[in-house]
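One letter stands for each residue in the lines below.
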Amino acid sequence: MSTPAPQPFDEHALRHALLGPAGRWARLDVVEETGSTNADLMAEALAGAPDGSVLVTEHQTAGRGRLDRTWEAPRGSGIAVSVLWRPEGIPAERLGWLPMLAGVALLDAIRAVAPDVAAGLKWPNDLLLGPDRRKGAGILAEMTPVSGGGPGVVLGMGINVDAPAGTLPETATSFAAEGAGVDRSELLVALLRNLAEREAAWRAAAGDADESGLRGDYRAGCLSLGSEVRVEMPGGSALIGIAEDVDPQGHLLVLEPDGHRRAIAAGDIVHLRPADRPEA
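Quick caveat: nothing in here was measured; it's all calculated off a predicted structure. (Residues numbered from 1 in each chain as written. Predicted model: local features only at pLDDT ≥ 70, side-chain atom pairs only at ≥ 80, totals over all residues. Heavy atoms only, no water.)

Q: Got a minute to help me understand the overall build of the chain in this structure?
A: For the chain, the count of helices and strands is 6 helices and 14 strands. Split into buried and exposed, the 280 residues of the chain put 51% on the buried side. Of the contacts formed within the chain by residues at least 6 apart in sequence, a portion of 66% connects residues at least 24 apart. (Helix = DSSP H or I, 4+ residues; strand = E, 2+ residues; numbered from the N terminus. Buried < 20%, exposed > 50% of the residue type's maximum accessible area, 1.4 Å probe, protein only. Contact = heavy atoms within 4.5 Å.)

Written as C-alpha cells, this is what we have:
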C-alpha cells in the first residue's frame, strides 16, 4: 500500500490560529523550499523583521544543527521552523535558556498531540523519542547582530514527523517510526502556542528560569539527569560522570568519579547508562 502524500501547510490557517493578540506571534510566512529557515530569518532580522516573526518551510535543503551538524528530512515529512525574538532588557547570561525553553515547549506540544509517545530531552535540547531514546528533533539558537532593529535570537527547530524508519540515520527516529500518526500542522500549532506562552512567562520574569518555572519543568523533562554520560567538550577533550542537575544558568552539573562536580556550559553528551527514571 502506498503512503499518502503529506498535506502541505496551509499558511492562511496557520496565520488564523497563531497571529494576533491571542496567538502572540507578529508575523508568519510559509515557503515551499529553502536552504535554511534560520539563515533566511537571520537575514530578515537584519532587515528589521519584528519580534515574534515565524518562518516555516515544506522542505529544507541545508538545515544546520548544533556543532555544525546537518539536519535533513524527506520533503513534507517533518517540520522546519524558525522564530525571531527580540527580548529587550534580558541579561545576556540568561539567553542560553531559550533553546532549552524550546525543548520544554516541544514536550508540552507532544503531550497534547501525541501523549502515548515516550518523549524527553537530552541536555541541552535534543528531543528523544521512543523506548530506544533516539533523536526526533534538533534545536539551534543563534544571536543576531546588533544592527537591524536591535539584538535578537533566531531559534530554529527541525522535527521528524512522518519520515519512515528506513529513511533516517540509525540514531534518529520520527513519530511515524514510533508508531504514532501525528498531523504536522496540528503539532506545529501546538508547538508555536506553547513556545509563545513559555517565552512570554520567561520574558516577564526577566529571563529568570526559576521564577518563570522553566528550570523546574526542564529538569522534569530532561532524561540526562541521573544518567551516566560522556561529555565531549568543544576543544576535543571529554569527561565521564553522572549528570546530576542543571544549575540556574542552564549548565549541566556532572559528578566525576573522583567526586569533583563540574558545570558544563557547552558540549555534546552521550548517555552511557540511562537513568532509572520514567520518561517524560
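Q: It is not clear to me how the sheet that holds strand β10 (residues 228-232) should be interpreted in this structure. Could you clarify?
A: Pairing between the strands of a sheet is mediated by backbone hydrogen bonds and can be parallel or antiparallel. With antiparallel pairing, 5 strands are arranged side by side in an open sheet as β13-β12-β11-β10-β14. The two strands at the open ends of the sheet, each matched to only one other strand, are β13 (261-264) and β14 (268-273). Adjacent strand axes in the sheet meet at a mean angle of 45° when their direction is disregarded. Pairing of strand β12 (residues 252-255) with β13, which is carried by 4 bridges, proceeds in the antiparallel orientation. Paired with L253 across the two strands is A263, which belongs to β13. (Pairing = 2+ DSSP bridges. Axes fitted to C-alpha atoms, helices over the stretch in contact; angles between N-to-C directions.)

Q: Whenever I open this one, the packing of aromatic side chains confuses me. Can you help?
A: Both the distance between ring centres and the angle between the ring planes are used here to describe each pair of aromatic rings. Evaluated as defined, the whole model comprises 2 aromatic pairs. Relative to W85, the ring of W25 lies with its centre 6.2 Å away and its plane at 20°, an arrangement referred to as stacked. On the criterion of sequence distance, the pair formed by W25 in the loop between α2 (20-23) and β1 (27-34) and W85 in strand β5 (residues 78-85) is long-range, its members being 60 residues apart. By relative accessible area, which is 4% here, W25 ends up buried. We classify W85 as buried; its relative accessible area is 2%. When the centroid spacing of 6.1 Å and the interplanar angle of 85° are considered together, the rings of W97 and Y218 count as edge-to-face. With W97 in helix α4 (residues 97-113) and Y218 in helix α6 (residues 214-221), the pair connects residues that are 121 residues apart, well separated along the chain. Comparing W97 with Y218, the two get one shared label, buried. One Lys or Arg, R184, reaches over the ring of F9 and ends 4.1 Å from the middle of that ring. (Phe/Tyr/Trp six-rings, centres within 6.5 Å; stacked < 30°, edge-to-face > 60°. Lys NZ or Arg CZ within 6 Å of the ring centre and 35° of its normal.)

Q: Would you take a moment to explain the layout of surface pockets for this structure?
A: Here the idea is plain: a probe the size of a water molecule rolls over the atoms and shows the empty space left. Taken as a whole, the second largest pocket spans an internal volume of roughly 450 Å³. Within the residue set of the lining of the second largest pocket, elements represented by two or more residues are α4 and β8 (134-143). It is β8 that provides the largest number of residues to the lining of the second largest pocket, a total of 5 residues. The residue makeup of the lining of the second largest pocket, split by class, is 15 nonpolar, 6 polar and 2 charged. (1 Å grid on protein atoms, 1.4 Å probe; cavity = no way out; pocket = protein on both sides within 12 Å on 5 of 7 lines; lining within 4 Å. Points joined across faces, edges and corners; volume = space filled by probe spheres on them. Nonpolar A, V, L, I, M, F, W, Y, C, P; charged D, E, K, R; others polar.)

Q: Sorry if this is basic, but what is going on with the side chain of T173 here?
A: Within the secondary structure, T173 sits in the loop between β9 (153-160) and α5 (184-204). Beyond its immediate stretch of four places on either side in the chain, T173 contacts L129, R134, K135, G136, N160, L168 and E178.

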